[in-house]
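If you want the building blocks of each chain, they are given just below.
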Amino acid sequence: MCGTPLSLENRNILLFSVDTALQGLMMGGIFTFISVFVVRLGASKLQVSLVTSLPAIVLMLFSIPAGQFVQRQRDLVRVTNWTRVVHRGSFLLVALLPFFVVGPVLVTSILVVWAAKSVSSAVLEASWMGVVAEVIPPARRPKINGMRWAVLSVVTAGAVALFGLILDRVSFPVNYQIVFTISFVGGLLGMVFYSRIRIPENAAQEPAVARIPIRQQIRDYWGSVAGSPGYLRYQLTVSVLRVGLNLCTALYSIYWIRHLD
């Protein structure tokens, strides 16, 4: 009924969904066009590939320590948002760099910032997944996640089209700086909605006292994987799929710009 207050569960899901939609400004902005930007700056083929590979390597190295850190936290919503300050801040830093750095050093600086961002991404991914588990009940998860990803895709598609117009009509490099700044603002707006999510059960939990050594965690992880052949087959299949999807990622921007204009 109109005017009926939302339950805590529905309110959390609504806030979570709005945050997801605003992430489309990031996905359609800096995540889509940063490789194009470095190509326009004269980056080598190796440097363009590093835009994708360096963050992935950093994320791999820091994922387990980040998981340990997140596991000891009481308020995952707050942890996620504080981590986002660093993560989203990297977008603004990339947008501002052309004011202070020029030439080949600019490309190198962007690569360093983009790779360093993945340290916060490791924490962000672990804490965000924890919030998903708390906010969306298992029975509603397929429907809600399907809706969220659909909305994200629509916003991303609209953002890519809008940002493409900006890039065509504004002089370089200011056009990319505008797009990256809008991505930063979209990320901040998402944080505002995300901060209003309330998980009383999560906030009331006491932090874990015992700390399991990272070597033991790795051993336990591989032991659980080896004991679940179905899961192992799934991971192997997904890994092959991801290699196929990402192997040529860096080449697309180079080909589109340098060969197809």
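Structure: above.
What you are looking at is a predicted structure, and each value in this text was computed from that prediction instead of being measured.

**Topic: the side chain of Ser-120**
Argument step 1. Examined against the element boundaries, Ser-120 turns out to sit in helix α6 (residues 104-135).
Argument step 2. Within the local environment of Ser-120, its side chain forms a polar contact with the backbone oxygen of Lys-117, the two atoms lying 2.5 Å apart.
Argument step 3. Those residues in contact with Ser-120 that lie beyond four places of it in its chain are Thr-83, Val-86 and His-87.

**Description of the packing of aromatic side chains**
Argument step 1. Applying the stated rule across the entire model yields 10 aromatic pairs.
Argument step 2. Judged by centre distance (5.4 Å) and plane angle (55°), the ring pair of Phe-31 and Trp-114 falls under tilted. One end of the pair, Phe-31, is in helix α3 (residues 30-40); the other, Trp-114, is in helix α6, and 83 residues separate them in sequence.
Argument step 3. What makes Phe-31 partly exposed here is its relative accessible area of 31%.
Argument step 4. Classification of Trp-114 as buried rests on a relative accessible area of 5%.
Argument step 5. Their ring planes at 55° and their centres at 5.8 Å tell us that Phe-37 and Phe-172 sit as a pair that is tilted.

**A word on the environment of Val-113**
Argument step 1. Summarising the element assignment, Val-113 is placed in helix α6.
Argument step 2. Owing to a relative accessible area of 14%, Val-113 belongs among the buried residues under this scheme.
Argument step 3. When the C-alpha atoms of Val-113 and Phe-91 are compared, they prove to be 8.9 Å apart, with 22 residues separating the residues in sequence.
Argument step 4. Excluding residues that lie within four positions of it along the chain, Val-113 makes contacts with Ser-90, Leu-93, Val-94 and Leu-97.

**Comments concerning the packing of helix α1 (residues 8-22) against helix α7 (residues 141-169)**
Angle between the axes and distance between the axes are the two parameters that describe a pair of packed helices.
Argument step 1. Two elements in contact, α1 and α7, have axes separated by 8 Å at closest approach and are oriented at 30°. Classified by the angle between their axes, α1 and α7 sit roughly parallel to one another. α7 is crossed by α1, and the crossing has right-handed handedness. Seen from α1, the contacting residues are Ile-13, Phe-16, Ser-17, Thr-20 and Ala-21; seen from α7, they are Ile-144, Met-147, Arg-148, Val-151, Leu-152 and Val-155.
Argument step 2. Counted by class, the contact of α1 with α7 contains 8 nonpolar, 2 polar and 1 charged residues.

**Section: the environment of Ser-118**
Argument step 1. By secondary structure assignment, the location of Ser-118 is in helix α6.
Argument step 2. Residues Ser-118 and Ser-53, spaced 65 residues apart in sequence, show a C-alpha to C-alpha distance of 11 Å.

**Remarks on helix α11 (residues 229-246)**
Argument step 1. Over its 18 residues, α11 extends 26 Å from the first C-alpha to the last, a length consistent with the 26 Å expected when each residue adds 1.5 Å.
Argument step 2. In terms of residue burial, α11 counts as a barely covered element, since only 1 of its 18 residues are buried.

**Focus: the pattern of salt bridges**
Argument step 1. All chains considered together, the criterion is met by 2 salt bridges.
Argument step 2. Between Glu-9 and Arg-140 there is a salt bridge, with the nearest N and O atoms lying 2.6 Å from each other. In this pair, Glu-9 sits in helix α1 while Arg-140 sits in the loop between α6 and α7, placing the two residues 131 residues apart along the sequence.
Argument step 3. Between Asp-19 and Arg-84 there is a salt bridge, with its nearest N and O atoms 2.9 Å apart. One end of the pair, Asp-19, is in helix α1; the other, Arg-84, is in helix α5 (residues 76-100), with 65 residues separating them in the sequence.

Rules and cut-offs
- Residues numbered from 1 in each chain as written.
- Predicted model: local features only at pLDDT ≥ 70, side-chain atom pairs only at ≥ 80, totals over all residues.
- Heavy atoms only, no water.
- Helix = DSSP H or I, 4+ residues; strand = E, 2+ residues; numbered from the N terminus.
- Polar contact = N/O pair within 3.5 Å; in protein donor to acceptor, adjacent residues only side chain to side chain.
- Contact = heavy atoms within 4.5 Å.
- Phe/Tyr/Trp six-rings, centres within 6.5 Å; stacked < 30°, edge-to-face > 60°.
- Buried < 20%, exposed > 50% of the residue type's maximum accessible area, 1.4 Å probe, protein only.
- Axes fitted to C-alpha atoms, helices over the stretch in contact; angles between N-to-C directions.
- Parallel < 35°, antiparallel > 145°, perpendicular 65-115°, else oblique.
- Left-handed = near helix turned anticlockwise from the far one by under 90°.
- Nonpolar A, V, L, I, M, F, W, Y, C, P; charged D, E, K, R; others polar.
- Expected span 1.5 Å × (residues − 1).
- Salt bridge = Lys/Arg side-chain N within 4 Å of Asp/Glu carboxyl O.

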